Amino acid sequence: MQWHLVFGFVAAVTPLTLIPGTSFTLVTQQVIAGSRFDGVRAAFGSACGLLVHATFAAVGLSALVMSSARALTMVKLLGGIYLIWLGVTMWRSARRGVEPTTRRRWRLPWAQLGGFGQGLWSNVLNPKAASVYLTLVPQFLTSSRPIAPQIATLAIAHIAVVLVWLLFWTSVIAFARTAIDTPRFRSGMTRLAGAVLVAFGVRTAAAS
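Calculation rules
Residues numbered from 1 in each chain as written. Predicted model: local features only at pLDDT ≥ 70, side-chain atom pairs only at ≥ 80, totals over all residues. Heavy atoms only, no water. Helix = DSSP H or I, 4+ residues; strand = E, 2+ residues; numbered from the N terminus. Buried < 20%, exposed > 50% of the residue type's maximum accessible area, 1.4 Å probe, protein only. Contact = heavy atoms within 4.5 Å. Areas by Shrake-Rupley, 256 points an atom, 1.4 Å probe, with all protein chains shown as cover. Phe/Tyr/Trp six-rings, centres within 6.5 Å; stacked < 30°, edge-to-face > 60°. Salt bridge = Lys/Arg side-chain N within 4 Å of Asp/Glu carboxyl O. Polar contact = N/O pair within 3.5 Å; in protein donor to acceptor, adjacent residues only side chain to side chain. Core = buried A, V, L, I, M, F, W, Y, C linked by side-chain atoms within 4.5 Å. Axes fitted to C-alpha atoms, helices over the stretch in contact; angles between N-to-C directions. Left-handed = near helix turned anticlockwise from the far one by under 90°. Nonpolar A, V, L, I, M, F, W, Y, C, P; charged D, E, K, R; others polar. Expected span 1.5 Å × (residues − 1). Bend = angle between axes of the 7 residues up to and from the residue.

## A short note on the overall build of the chain
Part 1 of the reasoning: Each helix and strand counted, the chain has 9 helices and 0 strands in total.
Part 2 of the reasoning: Secondary structure of the chain in N-to-C order comes out as α-α-α-α-α-α-α-α-α.
Part 3 of the reasoning: The burial tally for the chain puts 44% of its 208 residues in the buried class.
Part 4 of the reasoning: Considering only contacts in the chain between residues 6 or more positions apart, those separated by 24 or more positions represent 81%.
Part 5 of the reasoning: If you sum the accessible surface of the chain, you get close to 10700 Å²; carbon and sulfur atoms cover 69% of it.

## Overview of the packing of aromatic side chains
Part 1 of the reasoning: Summed over all chains, the structure comprises 5 aromatic pairs.
Part 2 of the reasoning: Between Phe9 and Phe140, the ring centres sit 5.8 Å apart and the planes meet at 75°, which makes this aromatic pair edge-to-face. Residue Phe9 is located in helix H1 (residues 3-18), and its partner Phe140 is located in the loop between helix H7 (127-136) and helix H8 (147-179); the two are separated by 131 residues in the primary sequence. A single burial state applies to Phe9 and to Phe140, both of which are buried.
Part 3 of the reasoning: Three or more aromatic residues joined by ring pairs make a cluster, and in this case those are Phe24, Trp165, Phe168 and Trp169.

## Some points on the pattern of salt bridges
Pairs can form between side chains of opposite charge whenever their charged atoms are close.
Part 1 of the reasoning: Counted according to the given criterion, the structure contains 1 salt bridge.
Part 2 of the reasoning: Measuring nitrogen to oxygen at the nearest pair gives 2.8 Å for the salt bridge that ties Asp38 to Arg41. Residue Asp38 and its partner Arg41 are located together in helix H3 (residues 36-59), separated by 3 residues, close to a single helical turn.

## Observations regarding the environment of Val10
Part 1 of the reasoning: Mapped onto the fold, Val10 is located in helix H1.
Part 2 of the reasoning: Ignoring anything within four residues of it in the chain, the contact list for Val10 reads Ala157 and Val161.

## Comments concerning the side chain of Gln29
Part 1 of the reasoning: In this structure, Gln29 sits in helix H2 (residues 22-33).
Part 2 of the reasoning: With relative accessibility at 1%, the residue Gln29 sits in the buried group.
Part 3 of the reasoning: A polar side-chain atom of Gln29 sits 3.1 Å from a polar atom in the side chain of Gln30.

## With respect to the nonpolar core
Part 1 of the reasoning: Grouped together as the largest cluster of nonpolar side chains are 31 residues, with contacts concentrated most on Phe9, Val27 and Tyr133.
Part 2 of the reasoning: Among the elements of the structure, H1, H2, H3, H7 and H8 are those that each provide at least two residues to this core.
Part 3 of the reasoning: When residues of this core are assigned to their parent elements, the largest contribution, 12 residues, is made by H8.
Part 4 of the reasoning: With residues up to four places along the chain from it excluded, the contact list for Tyr133 reads Leu50, His53, Ala54, Ala57, Pro138, Ala155 and His158.

## Brief notes about the packing of H3 against helix H6 (residues 114-124)
Part 1 of the reasoning: Between H3 and H6, the least distance of the axes is 7 Å, while the angle of their chain directions is 30°. Between H3 and H6 lies a crossing of right-handed hand. For the pair H3 and H6, contact is made by Arg41, Ala42, Phe44, Gly45, Ser46, Cys48, Gly49, Leu50, Val52 and His53 and by Gly115, Phe116, Gly119, Leu120, Asn123 and Val124, respectively.
Part 2 of the reasoning: Residues of the contact of H3 with H6, tallied by class, amount to 8 nonpolar, 7 polar and 1 charged.

## Focus: the environment of Gln30
Part 1 of the reasoning: Considering the arrangement of structural elements, one finds Gln30 in helix H2.
Part 2 of the reasoning: Classification of Gln30 by relative accessible area gives buried; the value is 3%.
Part 3 of the reasoning: With 11 residues separating them in the primary sequence, Gln30 and Arg41 have C-alpha atoms 8.8 Å apart.

## Digging into H1
Part 1 of the reasoning: The end-to-end C-alpha distance of H1, which contains 16 residues, comes to 23 Å, matching closely the 22 Å that a straight helix rising 1.5 Å per residue would cover.
Part 2 of the reasoning: The sharpest bend along H1 comes to roughly 25°, located at Ala12, with the proline Pro15 sitting one to four residues further on.
Part 3 of the reasoning: Residues of H1 that are buried: Leu5, Val6, Phe9, Val13 and Thr17.

## Regarding the side chain of Gln150
Part 1 of the reasoning: As for its placement among the helices and strands, Gln150 is situated in helix H8.
Part 2 of the reasoning: Looking at Gln150, its side chain comes within polar contact range of the main-chain oxygen of Pro146, at 3.0 Å.

Encoded structure:
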């Protein structure tokens, strides 16, 4: 892998990473409702979701999904429904003063994974995350060399950027929570995170 291509990819993907999205919202909510460690788990879950997309791209599965209108629609609907479910669960838990990950109702099979599972599946079911490896990554590949190792290198660089940003934000939110740690603050932030995730879910499901 030519390192100037890796640095170019990092420069291209960094602005996309800094835009607040699902992972950003999940990390914020996990720290507010739980602890700094919960935010770290959500960050690593999101990173593992990117690794799944990189693997799919390397074996050509992502290209198959993105080229099929029906398959892409299904992925968008599943991702949108999951985010809406997650947002509604957060909103309901804020009303009752219960952390979302401790509820016994409205649980999905991976809910027991907590923040890690939420971060993982929110990225696995995110078609925009898949599109990064089909539109941006190919621009930094060299056709004369094996493709899979190049995608792996770029994926590692992408994950590093995501983790640096999310872990930094986790520390910021943890500090803010220490300074303003009241039930009303936690409830308000959880409701806000839930509303944002519902909005992301609707946008994902309805995107053309």
